[in-house]
Amino acid sequence: GYGEYLDSIDRLGTAINVAGLVGHSAVRTYVMGERAYETTSTPDEQARMEMEGRLASGFQTSRAHADPRRQAEARAVVPWAALCEKAGRAAGADGDAAAAAVAAPPPGEAELKQLLRWFKHEFFRWVDRPACEETGQPTESAGMGAPTAEERAGGAGRVELYRGPTGHITRFPRYNDPSVLLRTRRGRCGEWANCFGLVLRACGYESRWVLDVTDH
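The paragraphs below set out a description of the structure included in this document. Computed from a predicted model, the values in this text were never measured in an experiment. (Residues numbered from 1 in each chain as written. Predicted model: local features only at pLDDT ≥ 70, side-chain atom pairs only at ≥ 80, totals over all residues. Heavy atoms only, no water.)

### Side note on the overall build of the chain
Across its full length, the chain carries ten helices and five strands. A burial count over the chain gives 33% of its 216 residues as buried. Considering only intrachain contacts with a sequence separation of at least 6, the fraction spanning at least 24 residues in the chain is 51%. Per element, the accessible surface of the chain, about 13,700 Å² overall, is 53% carbon and sulfur. (Helix = DSSP H or I, 4+ residues; strand = E, 2+ residues; numbered from the N terminus. Buried < 20%, exposed > 50% of the residue type's maximum accessible area, 1.4 Å probe, protein only. Contact = heavy atoms within 4.5 Å. Areas by Shrake-Rupley, 256 points an atom, 1.4 Å probe, with all protein chains shown as cover.)

In structure tokens form, the structure reads like this:
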């Protein structure tokens, strides 16, 4: 099955980017059964098909967070030893005890607080409208653009365009690959949660992907 195929990719690794495509007909047949070939779908079935698509995206995100290669990339950028020492000092431990806590699994709540503080205030940058690439000045929305091949490789399904004071257009790809987000270190709520989810898993914490259909 398709799950076994994905497991084999995880085991063997890839030399290039791999993306799976589940066509509409497959989802339609999964939801409607034999009726998919005989009649139109009901509003309830259409809503279920849309939800199946959203869940498939979420499964892809969760699998990315569990990927050993991506986790290694995340650990390479997290100053874990320093964060553990800060956590120990905040708890009132002396220098030796704080240093010993670095190697003591599993990480706890004190380390989690330091990890979150570092990610929010030092590592990742919230972006509403990106500054102009040429001038560094504020920009205004100029609509949407099609992602390039390189942007698609990073999981960007759409690109926001922003015009600066000189007319230059700054691109803001909405990347969905947490490895890419470790390098760009910017985004909004989706990128923030995606990248931090990978960082959590890389540091030994369990994280859960939650789909909130009430959010804007």
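Here the narrative resumes.
### Regarding the side chain of Asn-194
Here Asn-194 lies in helix 10 (residues 189-202). Contact partners of Asn-194, with chain neighbours within four places excluded, come to Thr-61, His-65, Asn-176, Asp-177, Pro-178 and Leu-181.

### Regarding the pairing of strand 3 (residues 159-163)
The buried count for strand 3 comes to four of five residues, which makes it a mostly enclosed element. Of the pairings in the sheet, the one linking strand 2 (residues 140-145) to strand 3 comprises four bridges and is antiparallel in character. Bridge pairing links Met-144 to Glu-160 in strand 3. Bridge count for strand 3 against strand 4 (residues 169-173) is five bridges, and the pairing is antiparallel. The residue of strand 4 that forms the bridge with Tyr-162 is Thr-170. Where strand 3 folds back on strand 4, the antiparallel hairpin that results is connected by five residues, among which Gly-167 adopts a positive phi of roughly 95°. (Pairing = 2+ DSSP bridges.)

### A closer look at the sheet that holds strand 4
Paired through backbone hydrogen bonds, the strands of a sheet run either parallel or antiparallel to each other. Pairing is antiparallel across the open sheet formed by three strands, whose spatial order is 2-3-4. Looking at the sheet topology across the chains shown, the edges are occupied by strand 2 and strand 4. On average, each strand axis in the sheet is tilted by 30° relative to the strand beside it, whichever way the strands run. (Axes fitted to C-alpha atoms, helices over the stretch in contact; angles between N-to-C directions.)

### Points about the nonpolar core
Buried together is how nonpolar side chains tend to be arranged in soluble globular proteins. Ranked by size, the top nonpolar core spans 22 residues in total, and within it Leu-115, Phe-119 and Val-199 carry the most contacts. Looking at this core, the elements that each hand over two or more residues are helix 7 (109-123), helix 9 (178-184) and helix 10. At seven residues, helix 10 tops the list of elements feeding residues into this core. Setting aside residues up to four positions removed in sequence, Leu-115 forms contacts with Val-78, Leu-83, Phe-196, Val-199, Leu-200, Cys-203 and Tyr-205. In terms of nonpolar packing, the next biggest core, distinct from the first, is built from five residues, Val-31, Met-32, Ala-36 and Met-49 among them. (Core = buried A, V, L, I, M, F, W, Y, C linked by side-chain atoms within 4.5 Å.)

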